[in-house]
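A closer look at the structure
Now for the letters of each chain:
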Amino acid sequence: MARALINLPKTAKAGAVIEIKTLISHPMETGYRPGQDGRLIPRNIITEFVCSYDGEEVFRAELSPASAANPYLTFTTVATKTGTLRFTWTGDNGFSQTEEVGITVG
Amino acid sequence: MTIRATNGARLHRRTILAGGAGLLTVALVRPGAAAIIRPSREATVEAIRRFTGGATVQAGRIHLDMPPLVENGNTVPLAITVESPMSETDFVRRIAVFNDKNPQPHVVTLHLGPRAGRAAINTRIRLADSQTITAIAEMRDGTFWSATADAIVTLAACVEGS
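Residue numbering note: each chain is counted from 1, following its sequence as written. To label them, take the chains in the order written and letter them from A, then take the ligands in the order written and number them from 1. Reporting of local features is limited, given that this is a predicted model, to residues whose pLDDT is at least 70; pairs of side-chain atoms are given and counted only at 80 or more, and all residues count toward the totals for whole chains, interfaces and linings. Excluded from the side-chain calculation are hydrogens and water; included are all heavy atoms of the structure.

Another aspect to go through is the sheet that holds strand S4 (residues 62-65) of chain B. The sheet built from six strands is open, its strands ordered S1(A)-S3(A)-S6(A)-S9(B)-S6(B)-S4(B) with antiparallel pairing. In the strand order of this sheet, the two ends are held by strand S1 (4-7) of chain A together with S4 of chain B, each with one partner. Across this sheet, the average inter-strand angle for adjacent strands is 15 degrees, counted without regard to direction. Paired strands are those between which DSSP finds at least two bridges. The numbering of helices and of strands both runs from the N terminus, where a helix is a DSSP run of H or I of at least 4 residues and a strand a run of E of at least 2. Bridge count for strand S6 (residues 72-78) of chain A against strand S9 (residues 120-125) of chain B is two bridges, and the pairing is antiparallel. Looking at S9 of chain B, one finds that Thr74 of chain A is bridged to Asn122 of chain B. A fitted line through C-alpha atoms represents every axis, and for helices the fit uses only the stretch in contact; the resulting angles, taken between N-to-C directions, go from 0 to 180 degrees.

Structure below.
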């Protein structure tokens, strides 16, 4: 499991726009870099990030090797109701990780 | 003083200096309307065409914030904002970012919707060389808007060994 950091407010007023910050530890190996033996290190990147709010997709990013290592993304969403935000990262070599964070909307 | 070029032509020092001064002027006089899309290489143009489907791209409504001078191309902060009410009827569908010097032209594609509330995204990217970054936003009404930002990179990413 890669270390994932997710930052969003625990509580929000209904209809408020909240900012979500995410970061996951991943080398994002580009496939263009030579290793110790002089051969290219094969590509190993996260290709997609999805954030869904109570099952509904609210944000998605398609990443390429031009993303920096430990992909960092911040975005916003409207706090509609109390529920769960699910964050999923998928990538090369079968990489897949899902995290869930709850939010209370009052 | 003359310098003998490989093809045997004699280049005068004054000519070379004048040429250098010309280049310098070009480098210093950057167009004020930096939002005009001007990707130089074919792969980037093709990637943009694939994203827009050949639609016209207008300058404006999108803002790119990137440091103009980058010491380490391995991690460059990039902030994108789009002027949009993000309502049910008028919102940003997609934002794509392209470069013109990395091995691949595509940087990131972001899918948004009315649930986003605001069109403001931050991320960190790699730059393999000093270059121009182009961001294009697709609105719900099918129009495309773009902005560009230039960065001078001291330490290149991607191709450096470990």
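So, on to the interface of chain A and chain B. Counting residues at the interface gives 32 residues for chain A and 30 residues for chain B. Surface buried jointly by chain A and chain B totals about 2700 Å² across both partners, of which 47% is contributed by carbon and sulfur atoms. Criterion for a salt bridge: a side-chain nitrogen of Lys or Arg within 4 Å of a carboxyl oxygen of Asp or Glu. At the surface where chain A touches chain B, the tally comes to one salt bridge. Side-chain atoms alone can form a polar contact between residues adjacent in sequence; in general such a contact is a pair of N or O atoms within 3.5 Å, and within protein one must be able to donate a hydrogen while the other accepts it. Connecting chain A to chain B are 21 residue pairs in polar contact (both at pLDDT 80 or more). Throughout this entry, Asp, Glu, Lys and Arg are counted as charged residues, while Ala, Val, Leu, Ile, Met, Phe, Trp, Tyr, Cys and Pro are counted as nonpolar. The remaining residues, Gly among them, count as polar. Its residues placed into classes, the side of chain A that touches chain B shows 19 nonpolar, eight polar and five charged. Note: strand S5 (residues 56-63) of chain A against strand S8 (residues 106-111) of chain B, four bridges, orientation antiparallel. Paired with Glu62 of chain A across the strands is Thr109 of chain B, a residue of S8 of chain B. Contact criterion: two residues are considered in contact whenever any of their non-hydrogen atoms come within 4.5 Å of each other. By definition, the buried area sums, over both parts, the 1.4 Å-probe accessible area that each loses when the two are put together.

Attention shifts here to unusual backbone geometry. Keep in mind that most residues, glycine aside, have a negative phi and that most peptide bonds are trans. Phi at Asn93 of chain A is positive, roughly 55 degrees, even though this residue is not glycine. Secondary-structure assignment places Asn93 of chain A in the loop between strand S7 (83-91) and strand S8 (96-105).

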